[in-house]
Amino acid sequence: MLPSCTKTDSNALYQEIKSVDKMVFASMAITKLAILESSDWYTIGKRIAAYSYDSYMRAYVDLSALQREDFIFDEEAKTVKVTLPPVMTEITGRDMEMRKEYDNIGMLRSDLDSKERAEIKEKANTSFKEEVEENPLFKQHLIDAAKRKARKYLESIFEANGYTASIDFKSSNSDTDEK
């Protein structure tokens, strides 16, 4: 009778963890600075403006992708080896409003209008996405933090249920884990 109860407990733990679906383990805000500088030959004075806004990224594990074989329980030793899906990253959004950091608008020049600010923001956002793709440090920082937190989280769940857990991650099948 006892072995069947223990089997049910390990299956219940598997079902509980799998049911979480997508779990975010790390996130970060990245400040992007957008600069406009214009000096036309036919007008007097310069227009220089710098605005900033935050973009957000996060790292998650899709726990719904877990398979029963990703959990290997040793009931005698009270250990479990878990192989989680790869940590994925995604850009989740950006601030709607931009913060004015600096401006120097010549006396005979007009302030930036909302259309110009929107254009600056779109150019900066395109540049931000390119920077994230070209510089793996953004993603790697998030992935490393997410792995540490996922391990701690799952180890504590298993510890509370009497198991010592070993947590590994599957490797990503592609270099483009950006959603």
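As shown above, the structure is provided for reference.
All of the points below concern the structure found in this document.

Cut-offs and rules
- Residues numbered from 1 in each chain as written.
- Predicted model: local features only at pLDDT ≥ 70, side-chain atom pairs only at ≥ 80, totals over all residues.
- Heavy atoms only, no water.
- Helix = DSSP H or I, 4+ residues; strand = E, 2+ residues; numbered from the N terminus.
- Buried < 20%, exposed > 50% of the residue type's maximum accessible area, 1.4 Å probe, protein only.
- Pairing = 2+ DSSP bridges.
- Axes fitted to C-alpha atoms, helices over the stretch in contact; angles between N-to-C directions.
- Contact = heavy atoms within 4.5 Å.
- Parallel < 35°, antiparallel > 145°, perpendicular 65-115°, else oblique.
- Nonpolar A, V, L, I, M, F, W, Y, C, P; charged D, E, K, R; others polar.

Attention now moves to the side chain of Asp-95. Considering the arrangement of structural elements, one finds Asp-95 in the loop between β5 (88-94) and β6 (99-105). With relative accessibility at 17%, the residue Asp-95 sits in the buried group.

Below, the discussion takes up the sheet that holds strand β4 (residues 79-84). The strands that make up a sheet pair up through hydrogen bonds in the backbone, lying either parallel or antiparallel. The strand order across the open sheet formed by 3 strands is β3-β4-β7, and the pairing between neighbours is mixed. The sheet is open, and its two borders are formed by β3 (71-74) and β7 (164-169), each paired with just one other strand. Each adjacent strand pair in this sheet contributes to an overall mean axis angle of 10 degrees, direction not counted. Along the sheet, helix α3 (residues 136-160) contacts β3, β4 and β7; its crossing angle with β7, the most-contacted strand, is approximately 150 degrees.

Glancing now at the packing of helix α2 (residues 114-134) against α3. Interhelical geometry of α2 versus α3 gives an angle of 70 degrees and a closest axis separation of 5 Å. Judged by the inter-axis angle, α2 sits roughly perpendicular to α3. For the pair α2 and α3, contact is made by Glu-131, Val-132, Glu-133 and Glu-134 and by Pro-136, Phe-138 and Lys-139, respectively. Its residues assigned to classes, the contact of α2 with α3 comprises 3 nonpolar, no polar and 4 charged.

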